[in-house]
Amino acid sequence: MDPHLPHTVDSYLVRIGATRPGRPDAAALRELQLRHLTAVPFENLSIHLGEDIVLEEQALLDKIVADRRGGFCYELNGAFAWLLRELGFDVTLLQARVYGDGGKLGIPYDHLALRVGTDDGTGPWLADVGFGDHAQQPLALDDRTDQEDPRGTFRIGRAPADGADGEDHGDVEVLRDGAPQFLLDPRPRALADFRAGAWYHRTSPDSGFTRSPVCSRFTAAGRITLSGRKLVTTVGAERHETPLGSDEEVLSAYREHFGLRLDRLPTARGAGASASDG
């Protein structure tokens, strides 16, 4: 596809291996989210390839649809929002702060998630194709009970404290297997609002994304991740690591497991653990 041509819903659906749904209902949303998670990798490679990250719809579609790349939350959920809107879903961008080590909250606009309305009277739904290892299915945003998912037990609950500005905005926590994942602000946002968060994650030594290149996607049975020169596959509780030696082995793994055809390896900017959110 010529990246300068207008993008179409059909080209996006081909990218994720999905068919056009008959209506924008909850079943269609579940199918589209799963297809996206298994086809489009969560990756921070642009940071380590010296590529700019542009939070504009055309640029995101060029990258994910035309160039068949992945991205991190701002890119993946930003592009997915476009697709869902074009298919008739009601979509609102939401900002969240991610819980890190010791329960410390990350920066505002740490994460971009989606509130999605459907035409079947269900929902609203929390849809997310950009949090790394997270829920496989959209979560019922107003449900305060446990929600069973193939990737764990999730719960959305009222946040224990008011917002950082002292105002109560109705923030909620998203928990997985009892552990808080992120703090979600329900107020509508625009894609441009996330530019400062993307800049931080692209440049700050305190961001996990600047420390090591990582590429990961859902599989039918688990997850596959390439972190530096280590390929990790997980199926349930089983984890298998394969060290990769030569540059060609790593480039081949990007092609075989993630569909990414790179002409050079991403260069790590520092040592440390990789991030799995954002």
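Quick caveat: nothing in here was measured; it's all calculated off a predicted structure. Residue numbers restart at each chain and count upward from 1, following the sequence in its written direction. The predicted nature of this model means local features are confined to residues of pLDDT at least 70 and side-chain atom pairs, given and counted, to a pLDDT of 80 or more, with totals for whole chains, interfaces and linings taken over all residues. Side-chain numbers here rest on the full set of heavy atoms in the structure, without hydrogens or water.

S.K.: What is the right way to look at the overall build of the protein chain in this model?
M.R.: When its secondary structure is counted, the protein chain shows seven helices and 13 strands. Atoms counted for the radius of gyration: C-alpha only. Globule rule: 2.2 Å times the number of residues to the power 0.38. Taken over the C-alpha trace, the protein chain has a radius of gyration of 18 Å; the compact-globule value for 278 residues is 19 Å, and the two agree within 12%. The buried share of the protein chain, reckoned over its 278 residues, is 53%. In what follows, a contact means two residues having at least one pair of non-hydrogen atoms within 4.5 Å. Sequence separation of 24 or more characterises 58% of the internal contacts of the protein chain that already satisfy a separation of 6 or more. Surface summary for the protein chain: the accessible area is close to 12,500 Å², and the carbon and sulfur share equals 48%. Charge counting treats Lys and Arg as positive and Asp and Glu as negative, with His and both chain ends excluded. To locate a charge, take NZ of a lysine, CZ of an arginine, CG of an aspartate or CD of a glutamate. Charge-centre separation for the protein chain: the mean point of 31 positive side chains lies 3 Å from the mean point of 43 negative side chains. Helix numbering and strand numbering both begin at the N terminus, where a helix is a DSSP run of H or I of at least 4 residues and a strand a DSSP run of E of at least 2. Buried residues are those whose accessible area, probed at 1.4 Å on protein chains only, stays under 20% of the maximum for their type, while exposed residues exceed 50% and partly exposed ones sit between those limits. Per-residue and other accessible areas follow the Shrake-Rupley method at a 1.4 Å probe size, with only the shown protein chains counted as cover for residues.

S.K.: Could you clarify how one ought to interpret the packing of aromatic side chains in this entry?
M.R.: Two numbers describe a pair of aromatic rings. These are the distance of the centres and the angle of the planes. A pair of aromatic rings is counted whenever rings of Phe, Tyr or Trp (Trp by its six-membered ring) have centres within 6.5 Å, and the orientation is called stacked for planes under 30 degrees apart, edge-to-face for over 60 and tilted otherwise. Across all of its chains, the model carries seven aromatic pairs by this definition. Seen in terms of ring centroids, F42 and F209 are 6.2 Å apart; in terms of plane orientation they differ by 45 degrees. Their pairing is tilted. Note that F42 is positioned in strand β1 (residues 42-43) and F209 in the loop between α6 (195-203) and β10 (214-218), a separation of 167 residues in sequence. Its relative accessible area of 4% is what places F42 among the buried residues. Joined through ring pairs, the aromatic side chains of F42, F72, Y74, Y109, F194 and F209 make up one cluster.

S.K.: Can you walk me through the nonpolar core in this structure?
M.R.: Across soluble globular proteins, nonpolar side chains show a tendency to be buried alongside one another. Counting 46 residues, the largest nonpolar core has Y12, L32, F80, L83, L84, F89 and L114 as its most contacted members. Every element with two or more residues in this core is listed here: α1 (9-16), α2 (26-39), α4 (57-66), α5 (73-86), β2 (90-98), β3 (111-117) and β4 (125-127). Considering every element that reaches this core, the biggest residue donor is α5, with nine residues. Here L84 is in contact with L29, L32, F89, V91, L114 and V116, once residues within four sequence places are set aside. Buried Ala, Val, Leu, Ile, Met, Phe, Trp, Tyr and Cys residues that are joined via side-chain atoms within 4.5 Å together make up what is termed a nonpolar core.

S.K.: Can you help me understand the sheet that holds strand β7 (residues 152-158) in this one?
M.R.: Sheets are built from strands that pair by backbone hydrogen bonding, the pairs being arranged parallel or antiparallel. In space, the eight strands of this open sheet follow the order β5-β4-β3-β2-β9-β8-β7-β6, with antiparallel pairing throughout. Single-partner strands in this sheet number two, and they are β5 (139-140) and β6 (147-149). By the convention used here, strands pair only if DSSP detects at least 2 bridges between them. Bridging between β7 and strand β8 (residues 172-176) involves five bridges; their strand directions are antiparallel. Bridged to R155 within β8 is L175. Set on the sheet, α5 makes contact with β2, β3 and β4; between it and β3 the angle comes to about 15 degrees. In this description, a line fitted to the C-alpha atoms serves as the axis of each element, helices being fitted only across the stretch in contact, and the angle between N-to-C directions of two axes falls anywhere from 0 to 180 degrees.

S.K.: Got a minute to help me understand the sheet that holds strand β11 (residues 222-227) in this structure?
M.R.: Spatial strand order, β1-β10-β11-β12-β13: five strands in an open sheet with antiparallel pairing. One side of each edge strand has no neighbouring strand; the edge strands of this open sheet are β1 and β13 (238-243). In the sheet, strand β12 (residues 230-235) pairs with β13 via six bridges, with the strands oriented antiparallel. In the sheet register, K230 faces β13, and the bridge partner there is P243. This element, helix α7 (residues 247-258), spans β10, β11 and β12 of the sheet and lies at about 155 degrees to β11.

S.K.: I keep staring at α4 and nothing clicks. Help me out?
M.R.: One turn of the α-helix equals 3.6 residues, which is why residues spaced by three or four share an orientation. Most of α4 sits out of view: seven of its 10 residues are buried. Those residues of α4 that fall on the buried side of the exposure criterion are L60, L61, D62, K63, I64, V65 and A66. If you follow the buried residues of α4, they end up packed against α1, α3 (45-49) and α5.

S.K.: Even after reading the chapter, I still don't get the pairing of β11, so can you show me in this structure?
M.R.: Successive side chains on a regular strand alternate, one facing one side of the sheet and the next facing the other. Summarising burial for β11: six of the six residues are buried, a large majority. In the sheet, β10 pairs with β11 via five bridges, with the strands oriented antiparallel. Residue pairing in the sheet places C215 in a bridge with L226 of β11. Once β10 ends, the chain turns through three residues before running back antiparallel as β11. Two elements, β11 and β12, share six bridges in a ladder whose sense is antiparallel. When the sheet's bridge partners are listed, R223 is paired in β12 with T234. Taking the residues between adjacent antiparallel strands as the criterion, β11 and β12 are bridged by two residues, where G228 takes a positive phi near 65 degrees.

S.K.: What's the story with the pattern of salt bridges in this structure? I'm lost.
M.R.: Oppositely charged side chains may form a pair once their charged atoms are brought near each other. By definition, a salt bridge exists where a carboxyl oxygen of Asp or Glu is found within 4 Å of a side-chain nitrogen of Lys or Arg. Summed over the entire model, instances satisfying the criterion amount to 17 salt bridges. As a salt-bridge pair, R35 and E31 come within 2.7 Å of each other at their nearest N and O atoms. Residue R35 and its partner E31 are located together in helix α2, separated by four residues, close to a single helical turn. According to the relative accessible area criterion, E31 is partly exposed, its value standing at 37%. Each of the salt bridges in this network shares a partner with another, and the network as a whole consists of R23, D25 and D119.

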